[in-house]
Amino acid sequence: MRALRIQRGMSQQALSDKLETMAIYVCRGSVSRIEDRQRTVTDIELYGLSQVLGVPISQLFDPDAQ
């Protein structure tokens, strides 16, 4: 997820803000913990991340995805 976010030129805060516009509340700190694999992701968060990052959900499960 971190690589996808960086490729899109987004900060963790920008990602958090875009999710918030979809009524998905993931603070910047939670984005960091998700990227560090220290926090699980709910189904709605997974959907929102795929939409904001513009990738299929399945790509978020592939650690080598670019």
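Owing to the predicted nature of the structure, the values given are computational and were not obtained by experimental measurement.

About the thresholds
Residues numbered from 1 in each chain as written. Predicted model: local features only at pLDDT ≥ 70, side-chain atom pairs only at ≥ 80, totals over all residues. Heavy atoms only, no water. Helix = DSSP H or I, 4+ residues; strand = E, 2+ residues; numbered from the N terminus. Buried < 20%, exposed > 50% of the residue type's maximum accessible area, 1.4 Å probe, protein only. Contact = heavy atoms within 4.5 Å. Axes fitted to C-alpha atoms, helices over the stretch in contact; angles between N-to-C directions. Parallel < 35°, antiparallel > 145°, perpendicular 65-115°, else oblique. Left-handed = near helix turned anticlockwise from the far one by under 90°. Nonpolar A, V, L, I, M, F, W, Y, C, P; charged D, E, K, R; others polar.

### Looking at the environment of Leu 19
Tracing the sequence through the fold places Leu 19 in helix H2 (residues 12-20). Given a relative accessible area of 1%, Leu 19 falls into the buried group. If we ignore the near neighbours within four places in the chain, the residues touching Leu 19 are Ile 24, Val 26, Gly 48, Leu 49 and Val 52.

### What to know about the packing of H2 against helix H3 (residues 28-35)
At a closest axis distance of 8 Å, the pairing of H2 and H3 adopts a crossing angle of 110°. One element, H2, and the other, H3, form an angle in the roughly perpendicular class. The two elements H2 and H3 cross, and the hand of that crossing is right-handed. Contact residues: H2 offers Gln 12, Gln 13, Leu 15 and Ser 16, while H3 offers Arg 28, Val 31, Ser 32 and Glu 35. Taken together, the residues of the contact of H2 with H3 sort by class into two nonpolar, four polar and two charged.

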